[in-house]
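# Coordinates in review
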Amino acid sequence: MNAPRPHSRRIFLRRAGLSTLAVSGGASFLTACASGGSDDEDDVSGGGEEQTAENPFGVDAADPLHVVIFNGGYGDQYAKFHEGIYQEQFPDAQIEHEAITDIRQQMQPLFNAGNPPDVLDNAGAEQMPISTLADTGQLTDLTDLWAADALGFEGMTVEETLHPIAIEAAEYADRPYVMNYALQVYGIWYDRALFDERGWEPAQTWSEFMDLCETIKSAGIAPMAHQGKYPYYIQQVVLDLAVKHGGPEVAYAIDSLEPDAWQNDSIRMAAEALLEVKNGGYMLEGTEGLDHIQSQTRWNEHKAAFIPSGSWLENEQAQVAPPSFETTVAPTPLLEGAVLPFDCTRLEAAESFIVPAQAANQVGGLEYLRIMLSRDGAREFTELTSAPTVVNGAAEGVEASPGLASSLALIESGGENNWNYYFRIWYSPMAPKIETAVGELAAGRISADEFCDRCQEAADETAADPATQKRTRP
Amino acid sequence: MQYGKYRFIVGFLIVPLALYGTFVISPFVQTIYYSFTDWTGVSPEFEYVGFANYEFLLEDDLFREAFFNNIVLLVGLPVFTVLLALLFAFLLNVGGTGAGVRGIAGNGFYKLAFFMPQVLSVPVIAVIWTVIFSPESEGLANSFLGWLGLGPYDWLASPSMALYCVLWVLVWGSVGFYLVLFNAAMSSVPRDIFEAAFIDGAGRLSTFVRVTMPLLWDTIQTSWVYLAILALDAYALVFVMTIGPGGPDNSTQVMALRIAQEGFQNGKAGYASAMGVVLFLVTLVIAALLLRATRRERIEY
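Each value, and the rule that gives it
Residues numbered from 1 in each chain as written. Chains lettered and ligands numbered in written order. Predicted model: local features only at pLDDT ≥ 70, side-chain atom pairs only at ≥ 80, totals over all residues. Helix = DSSP H or I, 4+ residues; strand = E, 2+ residues; numbered from the N terminus. Buried ≥ 20, exposed ≤ 12 C-beta atoms within 10 Å, placed from the backbone. Contact = placed C-beta atoms within 7 Å. Domains from an automatic or database assignment. Nonpolar A, V, L, I, M, F, W, Y, C, P; charged D, E, K, R; others polar. Axes fitted to C-alpha atoms, helices over the stretch in contact; angles between N-to-C directions. Parallel < 35°, antiparallel > 145°, perpendicular 65-115°, else oblique. Left-handed = near helix turned anticlockwise from the far one by under 90°. Expected span 1.5 Å × (residues − 1). Bend = angle between axes of the 7 residues up to and from the residue. Pairing = 2+ DSSP bridges. Right-handed = clockwise from strand over helix to strand, strands pointing away. Core = buried A, V, L, I, M, F, W, Y, C linked by C-beta atoms within 7 Å.

### Concerning the overall build of chain B
- Secondary structure summary: chain B contains 13 helices and zero strands in total.
- Taken from N to C terminus, the helices and strands of chain B fall in the order α-α-α-α-α-α-α-α-α-α-α-α-α.
- Oriented by its inertia axes, the alpha-carbon framework of chain B measures out at about 75 × 75 × 30 Å.
- Across the 301 residues of chain B, 37% fall into the buried class.

If you want it as structure tokens, here you go:
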């Protein structure tokens, strides 16, 4: 019979202690899982105050507000102005303001843990995939915001003050979820001062445009440059040519993933037009390898006459462009047999602001958005950034630079003919494949038929993928 | 210290092991778990889908292209880096002319110059080489080749050249470190072996192939495996340097880039996790194969 082991009770207690530690430690490790736990979704949170004319959502004056802004081309000064207005209305509220560039890296853990900010400016290269957020119920319905009184516009609701494209861009499953703030005007941009000096005028038809390119080329300037590293920009030109030729149905078909949407004749003609530019030697040499800053800088240096871009261009190149440079937008010329007029273009309601469904102060977020869309709020944005907002008429009285003035003029003259597409946001796996095809087309390595085939293939793949949510337009 | 020896050891190991478990092992296990779900990455709600992600992966053309591009890097990177690093280390140690066994002149300077890329961070290297590889005829590479009478090339804008440009930059960035490694290994080889070879009439090439390489085989083997893993993991350079990114027409698409794109941009974190598991297994298998294939008897000296 062995003697009992010395210190057996001590060993027993120690082992018991260690195993308890292991179990509880393990449990806490589990809660450190990447996806977090899931909470029950409540109704709109925060507020609970009485809904009055001044406080249509019933915001609680003491609730804090967490605002996250993308600190990119538009900066964050405008947000501080809007927060100032909110603070005046609710002096006791603590406003937390964050201006960051890596939105997804910082916001994804918050979304997964269930405590996202109250207002999020989802923009930039590292943005959250917004269609996924909409599909998983992570966004607050903005119907109440649309129906509320607009600040600074007597007798109108917020919805009535907005540009139709902003209303359209907001919707997922027929309900508004995203407030897109900036109205971006796309086109081909040139230096008005240079053109005036040489007696050139942007062309209205494609044959005139080819003649203009020849004139510009013989003057020793490359007619066109594009941001080769990001085929998104030249893709704009191809789609614009196609839609102006075939009408908005061309865009509706693409967005609705209709079979043969990309085999449309208008798209084929647009692709061939781009090949004409490339094969005629009218593209800036080496532009296929340049990124946006490099190519735009060459354009500022008058090495190229036209460059495709959007209304942020002037602001982006502000430090680089010479003082006499007059950034002006020209609409894309019309192909033979175009159904839309010359003076219209693609407008994108960009800079998406959302109120996450799991935010602590959802009604505070809605009120903040209402302040952004007020006449003073929108006007301040345009003054600070030289960019148009989605609020009609808010830019009145702002001293406009050439870029802003020509953008506003095009918004006005295009009217209902201005169009937009959504397939890049709705079907994010498809967008890079289209861009790859456009890149090859712009470099002259594939034919127009091959381009249409490749795009159609990408669209068909997306249509066949069960994991992708399909949407239709109009 | 018989009594309490294990307690002592465990006491010191528990903290590092816990850190390792939380930050290295746990994410691996979680990745395997998420690869069997349809997690989007932005929502706490998701469902178990079994092997659906893996089935989809087998059909994915883009992933297959990425895989083959990685194989190109896998073959090219270790070969060129080890060869160049060995060559330079040999020259710096043994390649000098004149009496005795010594390196060529300017030894210290060369070591410094070749190690310089190591102190630069990857995005900096990527930006520098993007500018050098500019497709314009005034670009650095093109104007240099222009003096030699060779036409301007598209470099990173060309689907056929882009991947090799990436390979070149990876080699350029890695040679320095392995040069220093082989240099240290070679310095520990006793001089008399080289002197004996020299007396026996071996030229520089013979010495390199028949004496140096076998003596350094352990180091070469380790370096080869590390470089192979680096080739399979290439991401930051491709992301910053290439068009797209992913190169013109998917010519520089790599597996790590696919994971980042699917997981973060396309909201398919579950699918990306499946890709991650496949990448992990491929790396493991290749490393094991390489270690087996390059096994030699240890040489004691």
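### Structural notes on the overall build of chain A
- The helix and strand tally for chain A stands at 20 helices and ten strands.
- Along the three orthogonal principal directions, the C-alpha set of chain A runs to about 105 × 65 × 45 Å.
- A buried classification covers 48% of the 474 residues belonging to chain A.
- Taking the intrachain contacts of chain A between residues at least 6 apart in sequence as the baseline, contacts between residues at least 24 apart amount to 75%.

### Observations concerning unusual backbone geometry
- Residue Pro-474 of chain A is bonded to the preceding Arg-473 of chain A through a cis peptide linkage, with omega at 10°.
- On the secondary structure map, Pro-474 of chain A appears in the segment after α20 (448-464).
- With an omega dihedral of 0°, the bond running from Gly-244 of chain B to Pro-245 of chain B counts as a cis peptide bond.
- Residues other than glycine seldom take positive phi values, yet Asp-174 of chain A does so here, at roughly 65°.
- Structurally, the position occupied by Asp-174 of chain A is in the loop between β4 (171-172) and β5 (175-176).

### Brief notes about the domain arrangement of chain A
Residues and elements named next belong to chain A.
- Along its sequence, chain A is organised into domain 1 (65-183 + 348-408) and domain 2 (185-345 + 422-464).
- Distance from the C-alpha centre of domain 1 to the C-alpha centre of domain 2: 29 Å.
- With 15 residues of domain 1 at the contact, the number on the domain 2 side is 16 residues.
- Secondary-structure elements contributing two or more residues to the side of domain 1 that touches domain 2 are α4 (130-135) and α17 (402-414).
- Looking at the side of domain 1 that touches domain 2 element by element, the count peaks at four residues for α17.

### What about the interface of chain A and chain B?
- With 30 residues of chain A at the contact, the number on the chain B side is 29 residues.
- At the level of elements, α3 (103-113), α4 and α19 (430-442) of chain A are the ones that each hand at least two residues to the side of chain A that touches chain B.
- Grouping the amino acids of the side of chain A that touches chain B by side-chain chemistry returns nine nonpolar, 16 polar and five charged.

### Details of the packing of helix α2 (residues 77-89) of chain A against helix α16 (residues 375-385) of chain A
Residue and element names in this part refer to chain A.
- In contact at an axis separation of 9 Å, α2 and α16 are set at 155° when each is read in the N-to-C sense. The pairing of α2 with α16 is recorded here as roughly antiparallel in orientation. Read as a crossing pair, α2 and α16 show a hand that is right-handed. Residues Gln-77, Tyr-78, Phe-81, His-82 and Ile-85 of α2 lie in contact with α16, whose contacting residues are Gly-377, Glu-380, Phe-381, Leu-384 and Thr-385.

### So, helix α7 (residues 162-187) of chain B
- Between the first and last C-alpha of α7 of chain B there are 38 Å, a value that for 26 residues agrees with the 38 Å anticipated at 1.5 Å per step.
- Most pronounced at Val-175 of chain B, the bend in α7 of chain B amounts to some 35°.

### Some details on the pairing of strand β1 (residues 65-70) of chain A
All names here are of chain A.
- In terms of burial, β1 is a largely internal element, six of the six residues being buried.
- Going residue by residue along β1, you find Leu-65, Val-67 and Ile-69 tucked away on one face and His-66, Val-68 and Phe-70 tucked away on the opposite face as well.
- Pairing of β1 with strand β2 (residues 95-100), which is carried by six bridges, proceeds in the parallel orientation. The residue of β2 that forms the bridge with Val-67 is His-97.
- Each parallel crossover has a hand, and the one from β1 via α2 to β2 is right-handed.

### As for the nonpolar core
- Met-224, Val-238, Ala-270, Leu-274, Ala-304 and Leu-369 of chain A are the most contacted members of the largest nonpolar core, which totals 130 residues.
- In terms of residues, this core owes the most to one element, strand β6 (residues 179-191) of chain A, which gives nine residues.
- Residue contributions to this core reach at least three from each of two domains, namely domain 1 (65-183 + 348-408) and domain 2 (185-345 + 422-464) of chain A.
- Apart from residues lying up to four places away in sequence, Leu-369 of chain A is in contact with Val-119, Leu-145, Met-179, Phe-353 and Val-355 of chain A.
- Grouped together as the second largest cluster of nonpolar side chains are 63 residues, Leu-77, Val-82, Phe-133 and Leu-163 of chain B included.

### Overview of the environment of Val-75 of chain B
- Its place among the elements puts Val-75 of chain B in helix α3 (residues 61-93).
- Along the backbone, Val-75 of chain B and Ala-231 of chain B are 156 residues apart, and their C-alpha atoms lie at a distance of 8.5 Å.

### Brief notes about the packing of helix α10 (residues 217-233) of chain B against helix α13 (residues 269-293) of chain B
All names here are of chain B.
- Their axes nearest at 10 Å, the elements α10 and α13 cross at an angle of 160°. One element, α10, and the other, α13, form an angle in the roughly antiparallel class. Pair α10 / α13 crosses with right-handed handedness. Contact with α10, carried on its side by Gln-221, Trp-224, Val-225, Ala-228, Ile-229 and Leu-232, involves Leu-279, Val-282, Thr-283, Ile-286, Ala-287, Leu-290 and Leu-291 of α13 and no other residues of that element.
- For the contact of α10 with α13, the per-class residue count stands at eleven nonpolar, two polar and no charged.

### Points about the environment of Ala-52 of chain B
- In this fold, Ala-52 of chain B is placed in helix α2 (residues 52-59).
- When the C-alpha positions of Ala-52 of chain B and Thr-37 of chain B are compared, they lie 8.5 Å apart, and in sequence the two are 15 residues distant.

### Side note on the environment of Leu-19 of chain B
- Position of Leu-19 of chain B relative to the elements: it lies in helix α1 (residues 5-34).
- Residues Leu-19 of chain B and Pro-117 of chain B lie 98 residues apart in sequence; the distance between their C-alpha atoms is 31 Å.

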